[in-house]
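A structural walkthrough
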Amino acid sequence: MSSGTRSAWTPVVWPPDEAAAATLREWIEGDVEQDFYGLDLDFSRSDLSGGDLLETWLSRSRFTNTVLRDTTLVRTHLEEADFTGADLDGANLARAEGREAVFRNARLHGANLTASKFRHADFTGADLTAATFGDATFSNATFAGAKLTDVTADKVTLRAAVLDSAEVTGFTGSVIGPISVIYRGERTLLDDEDLEQWFAARGASVTRFHAERETRR
């Protein structure tokens, strides 16, 4: 970073929305210590690939069909943000706060979601191939029809997360359940051996992590 300005990075394609473009430009050209507040703005159809949006505030903003490849979104506030159809391949969302965020039909190939919190988020139809979940929290999130192939997890929380028709081949690691699926024609919460068997039957290698066991250690 150069003194007094943020960096040499500029969007590949600026947001068509004038308010979003003006706010982003002011931040990029401003003081490096200034926080970016992009709340309730429309960044749709822009290309912000490679951008450093570390610890920014983007709650309730729209990123429909936006390209965010390899973008840094670490510790970013994404509550209720809409990423429908967005391309976040290789993006770093570690420790992001994304309660009720929407990622319908978005791409997150190889994305890093370690320690992020996406409670009640919507990943319907999203492609998260080879994403790193780590110890992320997805309680009550929806992954219906999502592609979770080759995802790696380490005590990822999927309490009441909907996994109907999700593709989980190659999913590996430990999971805190129960998960919500259609089982024998009924909406069911699966945990313990049933959870492990559900994943195994679909080509995954998952163990149920018992949080209470760690508490006793």
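Attention in this report is confined to the structure presented alongside it. (Residues numbered from 1 in each chain as written. Predicted model: local features only at pLDDT ≥ 70, side-chain atom pairs only at ≥ 80, totals over all residues. Heavy atoms only, no water.)

This part is about the environment of Asn105. One can find Asn105 in the loop between helix H1 (18-28) and strand S1 (132-134). For Asn105 and Arg25, which are 80 residues apart along the polypeptide, the C-alpha to C-alpha distance reads 28 Å. Residues contacting Asn105, with those up to four places away along its chain left out, are Gly85, Thr124, Gly125 and Ala126. (Helix = DSSP H or I, 4+ residues; strand = E, 2+ residues; numbered from the N terminus. Contact = heavy atoms within 4.5 Å.)

According to the stated counting rule, one finds 18 aromatic pairs in the structure shown. Between Phe123 and Phe138 the ring centres are 5.7 Å apart and the planes differ by 85°, which places this aromatic pair in the edge-to-face class. Taken together, the residues Phe123 in the loop between H1 and S1 and Phe138 in the loop between S1 and strand S2 (152-157) connect sequence positions 15 residues apart. With respect to class, Phe123 is no different from Phe138; both count as buried. Note on Phe123 and Phe143: the rings are 4.9 Å apart at their centroids and 10° apart in plane angle, and the pair reads as stacked. (Phe/Tyr/Trp six-rings, centres within 6.5 Å; stacked < 30°, edge-to-face > 60°. Buried < 20%, exposed > 50% of the residue type's maximum accessible area, 1.4 Å probe, protein only.)

Following Gly177, the chain continues to Pro178 via a peptide bond in cis, the omega torsion being 5°. By secondary structure assignment, the location of Pro178 is in the loop between strand S4 (172-176) and strand S5 (179-183). One non-glycine residue, Arg95, lies in the positive phi region at around 60°. Relative to the assigned elements, Arg95 resides in the loop between H1 and S1. One non-glycine residue, Ser165, lies in the positive phi region at around 55°. With respect to the helices, strands and loops of the structure, Ser165 is situated in the loop between strand S3 (161-162) and S4.

So, on to the nonpolar core. The tendency in soluble globular proteins is for nonpolar side chains to be buried side by side. Counting residues in hydrophobic clusters, the biggest one holds 59 residues, and the most contacted among them are Phe118, Phe133, Phe138, Phe143, Leu148, Phe171 and Phe199. Sorting the residues of this core by element identifies H1, S2, S5 and helix H2 (192-200) as the ones contributing at least two each. Counting residues per element, this core draws most heavily on H1, at four residues. When sequence neighbours within four positions are dropped, the list of residues in contact with Phe133 reads Leu113, Thr114, Ala115, Leu128, Phe138, Phe143, Leu148, Val151, Thr152, Ala153, Val156 and Phe171. (Core = buried A, V, L, I, M, F, W, Y, C linked by side-chain atoms within 4.5 Å.)

Now for the sheet that holds strand S6 (residues 186-190). Spatially, S3-S5-S6 is the arrangement adopted by the three strands of the open sheet, whose pairing is mixed. At either margin of the open sheet sits one strand with a lone partner, and together these are S3 and S6. Judged from the two bridges that link them, S3 and S5 form a sheet pairing that is parallel. Note on S5: the bridge partner recorded for Ala161 is Ile179. (Pairing = 2+ DSSP bridges.)

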